[in-house]
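Each chain, written out:
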Amino acid sequence: MSAAFFAQQNLDTTLIDGLAIAVLGYGSQGRAHALNLRDSGCNVRVGVREGGPSYEQAMVDGWAVQSVAAAVREADLICFLTPDMPQKAMYEEDVRPYMKHDATLLFAHGFSIHYGRIEPGPEHDVILCAPKGPGALVRRQYEEGKGVPCLIAVEANPSGHAKQKALQYAHKIGGTRAGVLETTFKEETETDLFGEQAVLCGGATELVKAGFETLVSAGYQPELAYFECLHELKLIVDLLYEGGLAKMHQFISDTAKYGTLVSGRRVIDAHARRNMQRILEEIQDGTFAARWQNEYETGLKNYRSQLQEELRHEIESTGKRLRSQMSWIQQAGDKTDDRSRRHH
């Protein structure tokens, strides 16, 4: 599927301007979407369950916060911006019984629809708008007059206007300032899960830990292992982000380039690639989704214990000690926190 770019100045937003929008959830994406929509002149209300930190943040940001059911009753466009697992119960208990017969459902990730956890009736448009960046970045770029690229998709289109709604929504949160790609719920869900499991989060952290452990077990200082296997990763990622493989090779040494070419494939070898293929197959056939749903519904015991084991790794204590001496990292973190807490 070829990329589609939609220029901001050429987009008619008459359709979405006439819709009452309910943003359900006020976490990373929910807060960014709600604030950007409001600043773009949309008719927005926020539905959050009372008592949590997101409820308090929404109040601080000036919203007349409603219950999920109350927000849904008034809405023509209902935006699911909560984590994946709670969405099914929220839909069954607080959305389906109260939503308008022709309300549109919008998701920022296709998991609940693609794996059949939520099955809307045939009278509802079902669309996706997924910014390719965290909520804090979506908000910050919008405030700076820029945007984060968005994916849009249509799962159901009884109104005949579903794609226009998705595109206009992306425009209102700043996405068309950067570009919008059209995809499907299936493609967005499966590629997103694969990327975070095999490369961005799961693959990257295991690679970092394995490199750290290899050096430490060979007798090298953990501080040096931390710098070589974790700290300097940001320098490489920034080069890749800014200019792909070409820019990385432009700015690393000839020795590093030669080592990359002769050693990288020894780490990510045929065995690693076969495991990546198996991970993708488990995402495609629903095995991962079923496993994650079962873990969630049985109390998250394994999830929590594995997470705690991850955070007890020696690289964490080493990194915490070293980062406390890096004032530039502390300052950058403070600015990020300030942007996240900024009142509107």
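Residues numbered from 1 in each chain as written. Predicted model: local features only at pLDDT ≥ 70, side-chain atom pairs only at ≥ 80, totals over all residues. Heavy atoms only, no water.

Asks: So what's going on with the overall build of the protein? Residues and values would help.
Replies: A tally of helices and strands in the protein yields 18 helices and seven strands. In summary, the protein has a C-alpha radius of gyration of 22 Å against a globular reference of 20 Å for 344 residues, a match within 12%. Dimensions of the protein, computed from C-alpha atoms along their principal axes, come out at roughly 65 × 45 × 40 Å. Scored against the burial criterion, the 344 residues of the protein give a buried share of 38%. Expressed as a percentage of contacts within the protein between residues at least 6 apart in sequence, the contacts between residues at least 24 apart total 67%. Accessible area for the protein stands at about 18800 Å²; split by element, carbon and sulfur atoms hold 54% of it. (Helix = DSSP H or I, 4+ residues; strand = E, 2+ residues; numbered from the N terminus. Rg over C-alpha atoms; globule rule 2.2 N^0.38 Å. Buried < 20%, exposed > 50% of the residue type's maximum accessible area, 1.4 Å probe, protein only. Contact = heavy atoms within 4.5 Å. Areas by Shrake-Rupley, 256 points an atom, 1.4 Å probe, with all protein chains shown as cover.)

Asks: Could you give an account of helix H14 (residues 270-284), with specific residues and numbers?
Replies: Taking 1.5 Å of rise per residue, 15 residues should cover 21 Å, and H14 covers 21 Å from first to last C-alpha, within 8% of that figure. A side-chain oxygen of the first residue of H14 lies 3.2 Å from the backbone nitrogen of His271; this N-cap is Asp269. Positive backbone phi, at 90°, marks Gly286, one or two positions downstream of H14. (Expected span 1.5 Å × (residues − 1). Polar contact = N/O pair within 3.5 Å; in protein donor to acceptor, adjacent residues only side chain to side chain.)

Asks: Break down the pairing of strand E4 (residues 104-107) for me, with residues and values.
Replies: Side chains of E4 alternate between two faces, with Thr104 and Leu106 and Leu105 and Phe107 buried alike. Of the pairings in the sheet, the one linking strand E3 (residues 77-80) to E4 comprises four bridges and is parallel in character. Counterpart to Cys79 in the pairing with E4 is Leu106. Between E3 and its parallel partner E4, the chain crosses via helix H5 (residues 87-95), and the hand of that crossover is right-handed. Strand direction decides the pairing type here: E4 and strand E5 (residues 126-131), joined by three bridges, are parallel. Note on E5: the bridge partner recorded for Leu106 is Ile127. (Pairing = 2+ DSSP bridges. Right-handed = clockwise from strand over helix to strand, strands pointing away.)

Asks: Please provide a residue-by-residue account of helix H12 (residues 233-251), values included.
Replies: The end-to-end C-alpha separation of H12 is 14 Å, well short of the 27 Å expected for 19 residues at 1.5 Å each. Maximum bend of H12: about 130°, positioned at Gly243. (Bend = angle between axes of the 7 residues up to and from the residue.)

Asks: Describe the layout of surface pockets, with residues and values.
Replies: Where empty space is left in the structure can be found by rolling a water-sized probe over the atoms. Taken as a whole, the second largest pocket holds about 410 Å³ of empty space. When contributions to the lining of the second largest pocket are tallied by element, the ones reaching two or more residues are helix H11 (222-231), H12 and helix H18 (327-341). The residue makeup of the lining of the second largest pocket, split by class, is seven nonpolar, one polar and three charged. (1 Å grid on protein atoms, 1.4 Å probe; cavity = no way out; pocket = protein on both sides within 12 Å on 5 of 7 lines; lining within 4 Å. Points joined across faces, edges and corners; volume = space filled by probe spheres on them. Nonpolar A, V, L, I, M, F, W, Y, C, P; charged D, E, K, R; others polar.)

Asks: Which residues make up the packing of helix H2 (residues 28-39) against helix H7 (residues 135-143), and what are the values?
Replies: Where H2 contacts H7, the axes come no closer than 7 Å and their chain directions differ by 20°. Classed by the angle they form, the pair H2 and H7 counts as roughly parallel. Relative to H7, the crossing made by H2 is left-handed. From H2, Ser28, Gln29, Ala32, Leu35, Asn36 and Asp39 reach across to H7, where they touch Gly135, Ala136, Val138, Arg139 and Tyr142. Taken together, the residues of the contact of H2 with H7 break down into five nonpolar, four polar and two charged. (Axes fitted to C-alpha atoms, helices over the stretch in contact; angles between N-to-C directions. Parallel < 35°, antiparallel > 145°, perpendicular 65-115°, else oblique. Left-handed = near helix turned anticlockwise from the far one by under 90°.)

Asks: Residue-level account of the side chain of Asp61, with values.
Replies: Within the secondary structure, Asp61 is located in the loop between helix H3 (53-60) and helix H4 (68-73). Reaching out from Asp61, the side chain makes a polar contact with the side chain of Tyr26 at a distance of 2.6 Å.

Asks: Requested: an account of the pairing of E5, with residues and values cited.
Replies: The side chains of a regular strand alternate between both faces of the sheet. Among the six residues in E5, six count as buried, and that is most of the element. Bridge count for E5 against strand E6 (residues 150-156) is six bridges, and the pairing is antiparallel. Across the sheet, residue Cys129 finds its bridge partner in E6, namely Ile152.

Asks: Could you give an account of the environment of Tyr91, with specific residues and numbers?
Replies: Position of Tyr91 relative to the elements: it lies in helix H5. Exposure remark for Tyr91: the relative accessible area of 1% places this residue in the buried category. Counting along the chain gives 22 residues from Tyr91 to Ala69, while the straight-line C-alpha distance between them is 9.7 Å. Leave out the neighbours within four places in its chain, and Tyr91 touches Phe80, Arg96, Pro97, Met99, Leu105, Ile118, Glu119, Pro120 and Gly121.

Asks: Please provide a residue-by-residue account of a nonpolar patch on the surface, values included.
Replies: Together, Leu207, Val267 and Ile268 make up a nonpolar patch on the protein surface, roughly 250 Å² of accessible area in all. Tracing the backbone shows Leu207 in helix H10 (residues 202-217). (Patch = residues over 30% accessible without salt bridge, like charges linked within 9 Å, V, L, I, M, F, W, Y side chains within 5 Å. Salt bridge = Lys/Arg side-chain N within 4 Å of Asp/Glu carboxyl O.)

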